[in-house]
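Notes for the structure review
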Amino acid sequence: MKAIVCKTWGLPDTLTVDELPDVVAGPGQVAIEIRAAGVNFPDVLIIQNKYQFKPELPFIPGSELAGTVIAVGDGVTQYKLGDRVIAFSAQGAFAQQIVVPVQAVMPMPPEMPFDIAAAITLTYGTSHHAVVDRAQLKVGETMLVLGAAGGVGLAAIEIGKALGARVIAAASTDEKLAVCREHGADVTINYSTQDLREAIKAATDGKGPDVIYDPVGGIYAEPAFRSIGWRGRYLVVGFANGEIPKLPLNLTLLKGASLVGVFWGEFAKREPKANLAAMRQLLGWLADGTIKPRISGRYALADTPQALNDMAARKVTGKVVIEPYK
């Protein structure tokens, strides 16, 4: 099989396309032919050794995928050859084949395209865990989403609307904000051309948002947090800006507000039953059209470095996927 291999820590252009032995399913494992793999911002950080998860070199990056079962190991009875499945793995998705524990596999809904199936696990899983579980967003509340045109941002918008909330989307260009409106945003803010605090104040009649979803970090974190409403919940999702902000803790006191950490990968590992219930709700929403993942780019396996460079440069709206047999 062919696979993208990270042999040394560095930028995407240091990755190589290698020929490797076909995978073999051991006891309790499922071997999958990968038809699509989702690209996520953590992938950019992992290959540079800048993420919480630090694999040993060499390794195959990529964590979410969809494909067909090509072998099952001893003890696996849930799946058979030819089954269409979704899987999440710490590494190994940017390849033509992968072997994963059976616990990491879910059946694909009938008729679902592989690219859509590969786009739902991490982004929608993260946003569901953040908005539903950690923020406990309620009907009629207002949520501000920073970096709203990215994969997790659009997912957060759709989930917020599914819960009956009012959603304000903030992004860096008018083109990105148009995409946010297509996915349900009620109000948009261009923080490249508008004063963020003033725009939030105007959009909330001075009350501030009940929930702020922040996957960006950097310079927008403090003005956003200063604008939060009473008893607000500030979701710390990630740092796509590259800068981890330092927030004055007196703001939590003055607003009666909470800083809430969101680490979906650890949640999925520590609370698998809760994560499975969340994924079932997401797949139900996907089936009835409540959520509609946006695939803005599809790359061949050899073009994985370009996909990661586009992700790092924040040129991506929604999701991009790798199609290993393209």
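For clarity, every value in this text was computed on a predicted model and none was experimentally measured.

Attention shifts here to the overall build of the protein chain. Secondary structure summary: the protein chain contains 11 helices and 15 strands in total. Relative to the compact-globule value of 20 Å for 326 residues, the protein chain shows a C-alpha radius of gyration of 20 Å, a close match. Considered along the principal axes of its C-alpha atoms, the protein chain spans approximately 60 × 40 × 35 Å. The buried share among the 326 residues of the protein chain stands at 55%. Here the contacts in the protein chain between residues at least 6 apart in sequence split such that 69% fall between residues at least 24 apart.

Core analysis: the largest hydrophobic core is formed by 47 residues, its most contacted members being Met-143, Ile-157, Tyr-213 and Leu-235. Where this core is concerned, the elements lending two or more residues are helix H2 (114-117), helix H3 (121-134), strand S8 (142-145), helix H4 (151-162), strand S9 (166-171), helix H5 (174-182), strand S11 (211-214) and helix H10 (272-288). Here the element with the most residues in this core is H4; it accounts for six residues. Counting 38 residues, the second largest nonpolar core, distinct from the first, contains Ala-3, Cys-6, Ile-47 and Val-69.

Let us now look at the environment of Val-145. Among the secondary structure elements, Val-145 is positioned in strand S8. Residue Val-145 is classed as buried on the basis of its relative accessible area of 0%. Separated by 130 residues in sequence, Val-145 and Leu-15 place their C-alpha atoms 33 Å apart. Excluding anything up to four places from it in sequence, Val-145 contacts Gly-153, Ala-156, Ile-157, Val-167, Ile-168, Ala-169, Ala-170 and Tyr-213.

As summarised here, the arrangement of the six strands in space is S10-S9-S8-S11-S12-S13, forming an open sheet in which the pairing is parallel. Edge strands, defined here as strands with exactly one partner in the open sheet, are strand S10 (187-190) and strand S13 (258-261). Between one strand and the next, the sheet's axes are offset by a mean angle of 20°, whatever the strand orientation. Two elements, S8 and S9, share four bridges in a ladder whose sense is parallel. Residue pairing for S9: Met-143 is matched across the bridge by Val-167. In this fold helix H6 (residues 196-203) packs onto S8, S9 and S10, with an angle of close to 170° to the strand it touches most, S10.

Once that is clear, we can look at the environment of Gly-229. Following the sequence through the fold, Gly-229 ends up in the loop between helix H7 (221-226) and strand S12 (233-236). Here the alpha-carbon distance between Gly-229 and Gly-256, two residues 27 residues apart in the chain, equals 8.6 Å. Look past the residues within four positions of Gly-229 in its chain and what remains in contact with it is Lys-207, Gly-208, Pro-209 and Lys-255.

Turning to the pattern of salt bridges, a few remarks are in order. Under the criterion given, the structure shown has 11 salt bridges. Lys-319 is the partner of Glu-64 in a salt bridge, and the nearest nitrogen-oxygen pair spans 2.3 Å. Of this pair, Glu-64 sits in strand S4 (residues 64-72) while Lys-319 sits in strand S15 (residues 319-323); the two residues are 255 residues apart in sequence, bridging distant segments of the chain. The pair Glu-64 / Lys-319 is uniform in exposure class, with both members buried.

Reading guide: rules and limits
Residues numbered from 1 in each chain as written. Predicted model: local features only at pLDDT ≥ 70, side-chain atom pairs only at ≥ 80, totals over all residues. Heavy atoms only, no water. Helix = DSSP H or I, 4+ residues; strand = E, 2+ residues; numbered from the N terminus. Rg over C-alpha atoms; globule rule 2.2 N^0.38 Å. Buried < 20%, exposed > 50% of the residue type's maximum accessible area, 1.4 Å probe, protein only. Contact = heavy atoms within 4.5 Å. Core = buried A, V, L, I, M, F, W, Y, C linked by side-chain atoms within 4.5 Å. Pairing = 2+ DSSP bridges. Axes fitted to C-alpha atoms, helices over the stretch in contact; angles between N-to-C directions. Salt bridge = Lys/Arg side-chain N within 4 Å of Asp/Glu carboxyl O.

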